[in-house]
Amino acid sequence: MTEPKTVAAGAAVTLTGLRKHYGEVRAVDGVDLVIAPGEVVALLGPNGAGKSTTVDMLLGLTRPDTGAVTIFGSSPGNAVADGRIGAMLQGGALLDDATVGETVGMIASLHRNPLRVAEALRGAGIEDLANRRCNKLSGGQKQRVRFAVALVSDPDLLVLDEPTAAMDVQTRREFWLSMQDFTTSGRTVLFATHYLEEAENYADRVVFLSKGRIVADGSVAGVTALTSGRTIKAVLPGATGHALHKLPGVSEVDIRGDRIILSSNESDKALRTLLAEYPQAYDIEVTAIGLEDAFLTLTGHATLSDGGSAPTPPFEGNETR
Amino acid sequence: MSIGYLVLELRRAMRSTRFVIFTVGMPVVLFLLYVGIWGKSDPAAPGVIMVNMTSYGALTAALFAGSRVALERAAGWQRQLRLTPLPGSGYLAAKGITAMALALPGVVLVPLIAALFEGVSLSPDEWLRVTLGIWLAVIPFAVLGLLLGQIGTAESMQPIMSIVMMVMSLLGGIFIPIDGMPSGLLSVAKLLPSYWLTQIGRGAVTSDLSVGLGQAVLVLAGWTLVLGLGVVRRYRRDSARV
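Residues numbered from 1 in each chain as written. Chains lettered and ligands numbered in written order. Predicted model: local features only at pLDDT ≥ 70, side-chain atom pairs only at ≥ 80, totals over all residues.

*Asks:* An account of the overall build of chain B is requested, with residue identities and associated values reported.
*Replies:* Helix and strand counts for chain B stand at 11 helices and zero strands. Listed by position from the N terminus, the elements making up chain B come as α-α-α-α-α-α-α-α-α-α-α. For 242 residues, the compact-globule estimate of 2.2 N^0.38 gives 18 Å, and the C-alpha radius of gyration of chain B, at 18 Å, lies within 12% of that figure. Projected onto its principal axes, the C-alpha positions of chain B cover 60 × 35 × 30 Å. The 242 residues of chain B split such that 45% are buried. Sequence-distant contacts, at least 24 apart, represent 81% of the contacts inside chain B between residues at least 6 apart. (Helix = DSSP H or I, 4+ residues; strand = E, 2+ residues; numbered from the N terminus. Rg over C-alpha atoms; globule rule 2.2 N^0.38 Å. Buried ≥ 20, exposed ≤ 12 C-beta atoms within 10 Å, placed from the backbone. Contact = placed C-beta atoms within 7 Å.)

So, in structure tokens, the structure goes:
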């Protein structure tokens, strides 16, 4: 877990008491967050949790009702004017009738100390698309062009709102590889995502938003530890829930045919007792609770599609499932 | 102001075939057509038609440029630009300058064809009034385009533009020459900036139904001011809300 007070002075991002209401809807309801330079932070939450609103306020696109945003010690507007923030917003945000090279070149021309266009295109892995019109690109390619647009100002802070939304698995992996090149140079990244796998693999720190508030904040290991316990799975014909509940530390029992699934915060003891009492049990697995489970627990059993009408990408590749 | 931004704006607009057809092709074709039909009836007619078609091409180009703002807003491009050092005033100025640049080809081409092929003959300062004058007089339309672009959505822009174009060109005395208008219609025309736009050139080709240049300039300046305030207000509100 990071300690906000120690990094606040030289922080990349400081959000204090941030609130934004739309009518009756409390989109963001008191968010405090300090991000140190060089951190890669994943912002997670169901649809409608306030991720995009938080990102918009951080970038200065939306004015908070109350609270303050500081980026490298100044306002978002100043940070933007100094080219210190690069951002990939949700949605289209490209010109159909301009080529990739023209688009990135024009954005570069607006900044004082931009990267060379070729460099930005290489950083996003799209050098070969420079002369392509933006309306002739696939969804994944468009995202990469927008990544190049975000990169070209050579920013210290990169903010990505659902950067891999339109990408297939392969493109997504390539995207994160280009992303790692960027972060190894010590720059700060904040990305909002639906994909817990991305947070697990690429973030130093995860921040869970639910109903406009931060419900968990820490390293992936730290956050999953908040929901202590492990899952024990085994095949055990004839088991009864009543008996299994008596095993040490067992909080939940799920019986599906011959298969039993136990959640326990004393899994070692529970397993020993289980084997002593039921030597016939086989195919035993013990797994740590993953980010997804932690997420579901911490957001009050919300699912990632909770509260939003937009279709939600499924969780992917979480090894605990 | 950013030159890089302006250059890309111009290049993009020139790529649109719709734009080239409507702002350069149409006015020239219509000019030749109308002169063919009515040109012989009155010696002043070719000149008046030239002024009206020049005005038509210029105002179409100016409005068109601004209407593209609606598409950029819908695509989130305006938001992306707000994450660059380009200030809002720079964005609006570039759009306005683009609109004016796009109005230029028609303003040159129609009078040129009128002079070369239809025997319209004017003194140098009258030519200046028909070309440079009409070009400058289209400023309020560039601003109007920006305002509509800030108000309309990507879907509603097409119908909005059609209605505005129709009102401006039919009732403003471009397609229905004011010479043939009943007095009731003429007083409606005077409420529209397009009437005053044609008046900038009309005085150079006929004294019939012409108003003084000073008066026309003043009315158009008033329109520019009012519409300009509208654009600024709307842009500020938009930026605050999004």
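Now that the structure has been shown, the text picks up again.
*Asks:* Quick one: what's the story with the environment of V69 of chain B, residue by residue and with numbers?
*Replies:* Residues and elements named next belong to chain B. Turning to its location among the elements, V69 is positioned in helix α3 (residues 45-74). Judged by local crowding, V69 falls into the buried class, with 25 C-beta atoms found within 10 Å. Once the C-alpha coordinates of V69 and L192 are considered, the two residues, 123 residues apart in sequence, prove to be 23 Å apart.

*Asks:* Residues and numbers for the sheet that holds strand β13 (residues 282-288) of chain A, please.
*Replies:* Within a sheet, adjacent strands bond to each other through the backbone by hydrogen bonds, running parallel or antiparallel. Residue and element names in this part refer to chain A. Read across the open sheet, the four strands follow the order β11-β12-β10-β13; overall the sheet is antiparallel. The open sheet has two edge strands with one neighbour each: β11 (250-256) and β13. Taken over all neighbouring pairs, the strand axes of this sheet differ in orientation by 15 degrees on average, direction set aside. Pairing geometry for β11 and strand β12 (residues 259-264), over six bridges, is antiparallel. Bridging across to β12, I255 finds its partner in I260. (Pairing = 2+ DSSP bridges. Axes fitted to C-alpha atoms, helices over the stretch in contact; angles between N-to-C directions.)

*Asks:* Which residues make up the packing of helix α1 (residues 3-15) of chain B against helix α5 (residues 88-117) of chain B, and what are the values?
*Replies:* All names here are of chain B. Relative orientation of the contacting elements α1 and α5 amounts to 40 degrees, with a least axis distance of 10 Å. Judged by the angle between their axes, α1 and α5 are oblique. The chirality of how α1 crosses α5 is right-handed. Residues Y5, L6, E9, L10 and A13 of α1 form the contact with α5, whose participating residues are A94, I97, T98, A101 and L102. Here the contact of α1 with α5 is built from residues that sort into eight nonpolar, one polar and one charged. (Parallel < 35°, antiparallel > 145°, perpendicular 65-115°, else oblique. Left-handed = near helix turned anticlockwise from the far one by under 90°. Nonpolar A, V, L, I, M, F, W, Y, C, P; charged D, E, K, R; others polar.)

*Asks:* Would you mind going over the interface of chain B and chain A in detail, with residue names and values included?
*Replies:* The interface is formed by 19 residues belonging to chain B together with 23 residues belonging to chain A. Secondary structure elements with two or more residues in the side of chain B that touches chain A: α1 and α4 (77-81) of chain B. Take the side of chain B that touches chain A: its biggest share by element is five residues, from α1 of chain B.

*Asks:* Explain the sheet that holds strand β7 (residues 188-193) of chain A to me, using residue names and the numbers behind them.
*Replies:* All names here are of chain A. The six strands lie next to each other as β5-β6-β7-β3-β8-β9, forming an open sheet whose pairing is mixed. Unpaired on one side and paired on the other, β5 (85-88) and β9 (213-218) mark the two borders of the sheet. Here the average twist between neighbouring strands, direction ignored, is 15 degrees. Note: β5 against strand β6 (residues 157-161), four bridges, orientation parallel. Following the sheet pairing, A87 is matched in β6 by V159. Against the sheet, helix α6 (residues 139-151) touches β5 and β6, its axis set at about 170 degrees to β5.

*Asks:* Which residues make up the confidence of the model for chain B, and what values do they have?
*Replies:* Scored by pLDDT, chain B comes out at a mean of 90, with 98% of its residues at no less than 70. Looking across chain B, the model is least confident in α1 of chain B, with a mean pLDDT of 86, and most confident in helix α6 (residues 124-137) of chain B, with 95. (pLDDT = per-residue confidence, 0-100.)

*Asks:* Lay out α6 of chain B with the relevant residues and their values.
*Replies:* All names here are of chain B. End to end, α6 covers 18 Å across 14 residues, agreeing with the expected 20 Å (1.5 Å per residue, within 8%). The axis of α6 is deflected most strongly, by about 25 degrees, at V130. Regarding α6, the residues found buried are R129, V130, T131, G133, I134 and A137. (Expected span 1.5 Å × (residues − 1). Bend = angle between axes of the 7 residues up to and from the residue.)

*Asks:* Got a sec to walk through the pairing of strand β3 (residues 40-44) of chain A? Specific residues and values, please.
*Replies:* Residues and elements named next belong to chain A. The buried fraction of β3 amounts to five of the five residues, a majority that puts the element mostly inside the structure. What you see with β3 is no split at all: V40, A42 and L44 on one side and V41 and L43 on the other are buried throughout. In this structure, β3 lies alongside β7, joined through five bridges in parallel fashion. Directly across from L44, in β7, lies its bridge partner T193. Here β3 pairs with strand β8 (residues 205-210) via four bridges, running parallel. When the bridges of β8 are listed, A42 appears paired with V206.

*Asks:* With reference to specific residues and values, describe the environment of A281 of chain A.
*Replies:* Residues and elements named next belong to chain A. In this fold, A281 is placed in the loop between α11 (267-277) and β13. A count of 17 C-beta atoms within 10 Å places A281 in the partly exposed class. A281 sits 44 residues away from P237 along the chain, and the two C-alpha atoms are 7.8 Å apart. Not counting residues within four places of it along the chain, the set of residues in contact with A281 comprises A234, V235, L236, L274 and L275.

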